[in-house]
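Here's the letter readout for the chains.
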Amino acid sequence: MNEVKNPVLQIDKLCVSYGKVEALSNASITVGEGQIVTVIGPNGAGKTTMLSAIMGVLGSAGRVSFDGTIEAVPEVERMVARGMNLVPEKRELFGEMSIEDNLVLGAFQRYRMGHRDQARTMDEVFELFPRLKERRTQLAGTLSGGERQMLAVGRALMAKPRLLMLDEPSLGLAPLIVREIFRIVAELRRRGVSILLVEQNARAALQVADYAYVLETGQIAMQGPAHTLADDPRVIEAYLGLGGKHQAMLST
């Protein structure tokens, strides 16, 4: 069990079904304050389904407790307002808008709640992502894959989340950019953001995370401190073995 003093997120027995097919079965996960928790597992294991259910995009059974409050039925807008943010795998940027305008949209919910700190938050985002600052007037649709991922994370940070959920942040990115993204994930934890990281690149995820869960066919198959799982023969064989050389290259 991930025993933490201050859980930001606690999921108990989360289940999601598509018709008669159970995509997620009794998944229980804890993310502590200032922790990076990763969920690794093969394609189709239910990782994205789990994030969507926590966020309230998908209907689910079970219990989601965020920041000490149980959400019987999570709803996206409420979860964002309370400090949860998801960077989806598809990144979902507004291609016809500039980098700067995409970032401003990320602060919309906070603005509606009366906060007027988006200029300062944007400076913080630009400090993390100098490349976005250089190109702040460029249209999002013209960015490279790595820059799009940086912008997607930056836009989520504009909402000043307590918990940032990242769905496959390394997907389709060059090794150099993958290293940069994971460096930024570690930096965010240093700044006090709790992170739930769903990732197929198990090696890189286990290097950066504090605690890890292995999700297989909708169920938590294993869990433990990330460094322990990284040394576990079953994890090495299934996730760090054959493709290990390639993944090692991506994560060093």
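Residues numbered from 1 in each chain as written. Predicted model: local features only at pLDDT ≥ 70, side-chain atom pairs only at ≥ 80, totals over all residues. Heavy atoms only, no water.

Student: Give me the side chain of threonine 30: which residues, what numbers.
Tutor: On the secondary structure map, threonine 30 appears in strand β2 (residues 21-32). When its relative accessible area of 9% is taken as the criterion, threonine 30 is described as buried. Excluding anything up to four places from it in sequence, threonine 30 contacts Asn2, Val4, Pro7, Leu9, Gln10, Gln35, Val37 and Tyr213. (Helix = DSSP H or I, 4+ residues; strand = E, 2+ residues; numbered from the N terminus. Buried < 20%, exposed > 50% of the residue type's maximum accessible area, 1.4 Å probe, protein only. Contact = heavy atoms within 4.5 Å.)

Student: Break down the environment of alanine 81 for me, citing the residues and quoting the values.
Tutor: Secondary-structure assignment places alanine 81 in helix α2 (residues 76-82). Remark: the alpha-carbon pair of alanine 81 and glutamine 109, spanning 28 residues in sequence, is separated by 6.4 Å.

Student: Tell me about the nonpolar core, and name the residues and values.
Tutor: A general feature of soluble globular proteins is that nonpolar side chains tend to end up buried together. By size, the foremost hydrophobic cluster in this structure holds 49 residues, and its most contacted members are Phe129, Leu164, Leu188, Ile195 and Val235. Residues within four places of valine 235 in sequence aside, it is in contact with Ile40, Leu206, Val214, Met222, Leu229 and Leu240. (Core = buried A, V, L, I, M, F, W, Y, C linked by side-chain atoms within 4.5 Å.)

Student: Describe helix α7 (residues 145-157), naming the residues involved and giving the relevant values.
Tutor: Between its first and last C-alpha atoms α7 spans 19 Å; for 13 residues at 1.5 Å apiece the expected length is 18 Å, and the two agree. The buried count for α7 comes to 11 of 13 residues, which makes it a mostly enclosed element. Every buried residue of α7 is listed here: Gly146, Glu147, Gln149, Met150, Leu151, Ala152, Val153, Gly154, Arg155, Ala156 and Leu157. Tucked into the core, α7 has its buried residues touching β6 (84-87), α3 (99-106), α5 (118-128), α6 (130-134), β7 (163-167) and α8 (175-190). (Expected span 1.5 Å × (residues − 1).)

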